[in-house]
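Descriptive structure summary
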Amino acid sequence: MKKFLEEFKEFAMKGNVLDMAIGVVIGGAFGKIVTSLVNDIIMPLVGVVTGGGSFASLNILLRPDPTNPLTLNYGSFIQTTIDFLIIAMSIFVAIKAINKFSKKQEAEVTEETPATPSEEVILLQGILDELKAKK
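Calculation notes
Residues numbered from 1 in each chain as written. Predicted model: local features only at pLDDT ≥ 70, side-chain atom pairs only at ≥ 80, totals over all residues. Heavy atoms only, no water. Helix = DSSP H or I, 4+ residues; strand = E, 2+ residues; numbered from the N terminus. Rg over C-alpha atoms; globule rule 2.2 N^0.38 Å. Buried < 20%, exposed > 50% of the residue type's maximum accessible area, 1.4 Å probe, protein only. Contact = heavy atoms within 4.5 Å. Areas by Shrake-Rupley, 256 points an atom, 1.4 Å probe, with all protein chains shown as cover. Core = buried A, V, L, I, M, F, W, Y, C linked by side-chain atoms within 4.5 Å. 1 Å grid on protein atoms, 1.4 Å probe; cavity = no way out; pocket = protein on both sides within 12 Å on 5 of 7 lines; lining within 4 Å. Points joined across faces, edges and corners; volume = space filled by probe spheres on them. Patch = residues over 30% accessible without salt bridge, like charges linked within 9 Å, V, L, I, M, F, W, Y side chains within 5 Å. Salt bridge = Lys/Arg side-chain N within 4 Å of Asp/Glu carboxyl O. Lys, Arg positive; Asp, Glu negative; His and termini not counted. Charge placed at Lys NZ, Arg CZ, Asp CG, Glu CD. Expected span 1.5 Å × (residues − 1).

1. Things to note about the overall build of the protein chain
- On a plain count of helices and strands, the protein chain comes out with four helices and two strands.
- Starting at the N terminus, the α and β elements of the protein chain follow one another as α-α-β-β-α-α.
- Its C-alpha atoms give the protein chain a radius of gyration of 29 Å, more than 25% over the compact-globule value 14 Å for 135 residues.
- Along the longest, intermediate and shortest principal axes, the C-alpha atoms of the protein chain span 105 × 50 × 25 Å.
- Counting across all 135 residues of the protein chain, residues that qualify as buried make up 8%.
- Excluding contacts between residues fewer than 6 apart, the proportion of contacts in the protein chain whose partners are at least 24 apart in sequence is 41%.
- Put simply, the protein chain shows about 11600 Å² of open surface, and 69% of that area lies on carbon and sulfur atoms.

2. Remarks on the nonpolar core
- If you look at the biggest cluster of nonpolar residues, it comprises five residues: V34, V38, M43, F55 and I86.
- Tallying contributions element by element places helix α2 (residues 15–50) first for this core, with three residues.

3. Focus on the layout of surface pockets
- If you add up the space inside the largest pocket, you get close to 190 Å³.
- As for the largest pocket, its lining consists of I26, G27, F30, I91, A94, I95 and I98.
- Looking at the lining of the largest pocket, the elements that each hand over two or more residues are α2 and α3 (74–112).
- With four residues, the single largest contributor to the lining of the largest pocket is α3.

4. So, a positive patch on the surface
- Residues K96, K100, K103 and K104 make up a contiguous surface patch of positive charge.
- Structurally, K104 can be placed in helix α3.
- Using a relative accessible area of 56% as the deciding quantity, one classes K104 as exposed.

5. Some words on helix α4 (residues 119–134)
- With 16 residues, α4 should cover 22 Å at 1.5 Å per step; its first-to-last C-alpha distance of 23 Å lies within 8% of that length.
- Buried residues are scarce in α4, accounting for zero of its 16 residues.

6. Examining the environment of K9
- Its place among the elements puts K9 in helix α1 (residues 2–12).
- Here the alpha-carbon distance between K9 and A94, two residues 85 residues apart in the chain, equals 32 Å.

As far as function goes, none of this settles anything; it's purely spatial.
Written as structure tokens, this is what we have:
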């Protein structure tokens, strides 16, 4: 049991697992922010333009039973699709900006540090120098 716990601790403390956990938490918060943006800012503007309040209230009455009506709530689907598109666009823009910054930072590091030869290259260079000295 102790070995199992040690292995689990080693697994959980790896950088990629922690990075993923942080990404999930930040992604959840980011999703809430974008949902609020859609529900509280974008959809009221769309409602003003289209003359309606919200897509979420759009439906088709399939069975007009006064006690148990059956409706097809296509407005909720439209609302969820708009949420998804805005979240996907936001994530795309954020990742594009991060990649641009990362490439810029990587280029600066490459320019600052000269390439050092590997051990194999150094060893082969030494052998080559010795062979030239023997001639």
